[in-house]
Amino acid sequence: MSAESVVYYLNRVPESDPNDQTEWIVSALGRYTGAELRELLYVAEEPGFFELMRAFFALSDDSRSVLQHYLETGHPPSMKAAIDPKGRLTLDHANVEPRLKVVPGIAN
């Protein structure tokens, strides 16, 4: 399902009859396992979930791809997010140790 179709159904009631809506929902649900559906329902109960998803899908394709890559390749518990004084969101790894420059010793 594309982001466009998700936003379409969130913002507009389909002009079809209730049977078509039921078919659409059953068809969409059929693409997921029971465990995936339970996880989705559980996560969707988090405050602000739908607003967050709408904001994610409102990003440009490039920005969404970068953010998705960052989230997929990191470890969420070790990430931190902050809003700087200019209102920009910054994401970083929380447990990154400072890198030390290694200078080779001189052998006698």
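Look up a bit, the structure's there.
Residues numbered from 1 in each chain as written. Predicted model: local features only at pLDDT ≥ 70, side-chain atom pairs only at ≥ 80, totals over all residues. Heavy atoms only, no water.

(A) Up close: the overall build of the chain. A count of helices and strands for the chain gives 5 helices and 2 strands. For the chain, the α and β elements follow one another from N to C terminus as α-α-α-α-α-β-β. A burial count over the chain gives 10% of its 108 residues as buried. In the chain, 12% of the contacts between residues at least 6 apart in sequence involve partners at least 24 apart. A total of about 9800 Å² of accessible surface is found on the chain, and carbon and sulfur atoms cover 58% of it. (Helix = DSSP H or I, 4+ residues; strand = E, 2+ residues; numbered from the N terminus. Buried < 20%, exposed > 50% of the residue type's maximum accessible area, 1.4 Å probe, protein only. Contact = heavy atoms within 4.5 Å. Areas by Shrake-Rupley, 256 points an atom, 1.4 Å probe, with all protein chains shown as cover.)

(B) Seen up close, the pairing of strand β2 (residues 89–93). Looking at chain direction, strand β1 (residues 79–83) and β2 are connected through 5 bridges and run antiparallel. The partner of Ile83 across the bridge, within β2, is Leu89. Here β1 hands over to β2 after 5 residues, with Gly87 in that stretch at a positive phi of 85 degrees. (Pairing = 2+ DSSP bridges.)

(C) Layout of the packing of aromatic side chains. A full pass over the atoms with the stated rule returns 2 aromatic pairs. Each ring, one from Phe49 and one from Phe50, has its centre 5.2 Å from the other, and the planes form 80 degrees; the classification is edge-to-face. A relative accessible area of 40% means that Phe50 is categorised as partly exposed. A centroid spacing of 5.6 Å and a plane angle of 75 degrees characterise the contact between Phe56 and Phe57, whose relative ring orientation is edge-to-face. The class for Phe56 is buried, based on a relative accessible area of 17%. (Phe/Tyr/Trp six-rings, centres within 6.5 Å; stacked < 30°, edge-to-face > 60°.)

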